[in-house]
Amino acid sequence: MTIENSEKPVDLKALKRKDKAAFAKLVDQNSEHIYRLGLKMLGNPQDAEDVLQETFIKVFNNIDGFEGRSKLSTWLYRIAVNEALMLLRKRKAGITQIDEGLELENGDILPRQIIDWCCLPEKELMSSESRQYIQEAVQTLSDANRAAFLLRDVEGLSTRETAAVLDISESAVKVRLMRARLQLREELTHFFANRIVRESL
Amino acid sequence: MTHQHSSNCKNILQNLSAYIDGDLDQAFCKDIEAHLASCTNCQIVVNTLKKTIHLYQSDGRDTHLPTEVRHRLFSRLELDDYVTRDQKSGQD
């Protein structure tokens, strides 16, 4: 699902000349990815649209400074993540965020609920009610863990690309990803366990 | 149902994310697979963890850029002349 997978890359020289056709192509190749990332980071369409617009305005205004040391898509994601984090900081001004408590004192994280809900039919797993819960559950992650999870597991970036976007080490990406995945597994287990109980009644 | 993990389970569970990604060396993978073959609880955790990731990937694939959002983006970027270009399928 990653950016630029199947399409011809946009000509960087044309972008630097502020060629509008090249820029329109860049927007069309990348806007769905950036919108989706914004939507899942922020949880509402209006904020996602703000992130989308601000990202491409910044790309357009700063393309001269892009030196090509990273992939263009990495740069785009980095701008988008920073825009999303800035909006989240504004939204949470004065609120201290605490990671939800799967973590032990020594920093380990362990699964707590052991219920096999994989047996539920696909139509139950992807019902509109389930999907709403799935989308809300990702908002319970810390901003840092959510960004790592969305880039790796939803956008399909490699660990290295995710590290470059977030400007952290690859091992830090792996830790954040593990925490996010395990926390989401707990959240979904809680939700789908109730569905299993409901079906058995 | 909640679960108290044995020390062997703990070692496995802390590496499950890396295991799913194929980031562990072959010897450790074999250890994990041997443990999974005999531990139903850990099997459930692996399966539900994989399913969790799969559900988020499915949800992501179904998330598209609404046409009106694309139009407003092109307008904001003063690219209105290019908004009628071919769009990818699935955008609605």
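The model shown is predicted, which means the values in this text are computed figures rather than measured ones.

1. Details of the overall build of chain B
At step 1: Helix and strand content of chain B: 5 helices and 0 strands.
At step 2: Order of helices (α) and strands (β) in chain B, N terminus to C terminus: α-α-α-α-α.
At step 3: Looking at chain B residue by residue over its 92 residues, the buried ones come to 22%.
At step 4: Across chain B, contacts joining residues at least 24 apart in sequence account for 56% of those joining residues at least 6 apart.

2. Structural notes on the overall build of chain A
At step 1: Assigned secondary structure in chain A consists of 9 helices and 0 strands.
At step 2: Each helix (α) and strand (β) of chain A, taken in turn from the N terminus, gives the series α-α-α-α-α-α-α-α-α.
At step 3: Taking all 201 residues of chain A together, 40% fall into the buried category.
At step 4: Long-range contacts, defined as pairs at least 24 residues apart, comprise 68% of the intrachain contacts of chain A with a sequence gap of at least 6.

3. Quick look at the nonpolar core
Residue and element names in this part refer to chain A.
At step 1: In this structure, Leu52, Leu76, Ala80 and Ala148 are the most contacted members of the largest nonpolar core, which totals 63 residues.
At step 2: Sorting elements by how many residues they give to this core places helix α2 (residues 20-42) first, with 9 residues.
At step 3: The residue makeup of this core includes at least three contributed by each of domain 1 (12-91) and domain 2 (122-200).

4. Re the interface of chain A and chain B
At step 1: Each side of the interface is counted separately: chain A has 42 residues, and chain B has 36 residues.
At step 2: Within the residue set of the side of chain A that touches chain B, elements represented by two or more residues are α2, α3 (45-62), α6 (128-137), α7 (143-154) and α9 (170-200) of chain A.
At step 3: Per-element accounting of the side of chain A that touches chain B gives the leading share, 11 residues, to α2 of chain A.
At step 4: Class assignment for the residues of the side of chain A that touches chain B results in 24 nonpolar, 5 polar and 13 charged.

5. Describing the packing of α6 of chain A against α9 of chain A
All names here are of chain A.
At step 1: For the pair α6 and α9, interaxial distance at closest approach is 10 Å and the crossing angle is 150°. Taken together, the axes of α6 and α9 are roughly antiparallel relative to one another. Pair α6 / α9 crosses with right-handed handedness. Residue-level inspection shows Tyr133, Ile134 and Ala137 of α6 in contact with α9, the latter providing Leu184, Glu187, Leu188 and Phe191.
At step 2: Classifying every residue of the contact of α6 with α9 by side-chain character gives 6 nonpolar, no polar and 1 charged.

6. Focus: the domain arrangement of chain A
Residues and elements named next belong to chain A.
At step 1: Split by domain assignment, chain A resolves into domain 1 (12-91) and domain 2 (122-200).
At step 2: Once you take the C-alpha centre of each, domain 1 and domain 2 turn out to be 23 Å apart.
At step 3: Across the contact, 12 residues belong to domain 1 and 13 residues belong to domain 2.
At step 4: Counting residues per element, the ones that place at least two in the side of domain 1 that touches domain 2 are α2 and α4 (72-91).
At step 5: Looking at side-chain class alone, the side of domain 1 that touches domain 2 contains 6 nonpolar, 4 polar and 2 charged residues.

7. What about the environment of Ala84 of chain A?
All names here are of chain A.
At step 1: Looking at the element boundaries, Ala84 is found in helix α4.
At step 2: As a C-alpha pair, Ala84 and Asp47 span 37 residues in sequence and 8.2 Å in three-dimensional space.
At step 3: Beyond its immediate stretch of four places on either side in the chain, Ala84 contacts Gly38, Met41, Leu42 and Val51.

8. Structural notes on the environment of Cys9 of chain B
Residue and element names in this part refer to chain B.
At step 1: Residue placement: Cys9 occurs in helix α1 (residues 7-13).
At step 2: Considered as a pair, Cys9 and Asn41 are 32 residues apart in the sequence and their alpha carbons are 8.9 Å apart.
At step 3: The residues contacting Cys9, other than those within four sequence positions of it, are Cys39, Asn41 and Cys42.

9. A short note on the packing of α2 of chain A against α4 of chain A
Each pair of packed helices can be summarised by the angle the axes make with each other and by the distance between the axes.
Residues and elements named next belong to chain A.
At step 1: Between α2 and α4, the shortest axis-to-axis distance is 10 Å and the interhelical angle comes to 30°. Viewed along their axes, α2 and α4 adopt a mutual orientation that is roughly parallel. When you trace α2 past α4, the crossing you get is right-handed. Within the contact between the two elements, α2 uses Asn30, Ile34, Leu37, Gly38, Met41 and Leu42 and α4 uses Ser73, Leu76, Tyr77, Ala80, Ala84, Leu87 and Leu88.
At step 2: Tallied by class, residues from the contact of α2 with α4 come to 10 nonpolar, 3 polar and no charged.

10. Regarding the confidence of the model for chain B
When pLDDT drops low, the exact placement of atoms in the prediction is not to be read closely.
Residues and elements named next belong to chain B.
At step 1: On average, residues of chain B score 86 in pLDDT, and 86% of them reach the 70 mark or higher.
At step 2: For chain B, the element scoring lowest by mean pLDDT is α1, at 78; helix α5 (residues 67-76) scores highest, at 97.
At step 3: Low pLDDT (under 50) marks residues 88-92, which in the prediction has 8 contacts with non-local residues, meaning those over four places away or in another chain.
At step 4: Overall fold confidence for the complex sits at a pTM of 0.89, while the interface term, ipTM, reaches 0.89.

The rules behind the values
- Residues numbered from 1 in each chain as written.
- Chains lettered and ligands numbered in written order.
- Predicted model: local features only at pLDDT ≥ 70, side-chain atom pairs only at ≥ 80, totals over all residues.
- Helix = DSSP H or I, 4+ residues; strand = E, 2+ residues; numbered from the N terminus.
- Buried ≥ 20, exposed ≤ 12 C-beta atoms within 10 Å, placed from the backbone.
- Contact = placed C-beta atoms within 7 Å.
- Core = buried A, V, L, I, M, F, W, Y, C linked by C-beta atoms within 7 Å.
- Domains from an automatic or database assignment.
- Nonpolar A, V, L, I, M, F, W, Y, C, P; charged D, E, K, R; others polar.
- Axes fitted to C-alpha atoms, helices over the stretch in contact; angles between N-to-C directions.
- Parallel < 35°, antiparallel > 145°, perpendicular 65-115°, else oblique.
- Left-handed = near helix turned anticlockwise from the far one by under 90°.
- pLDDT = per-residue confidence, 0-100.

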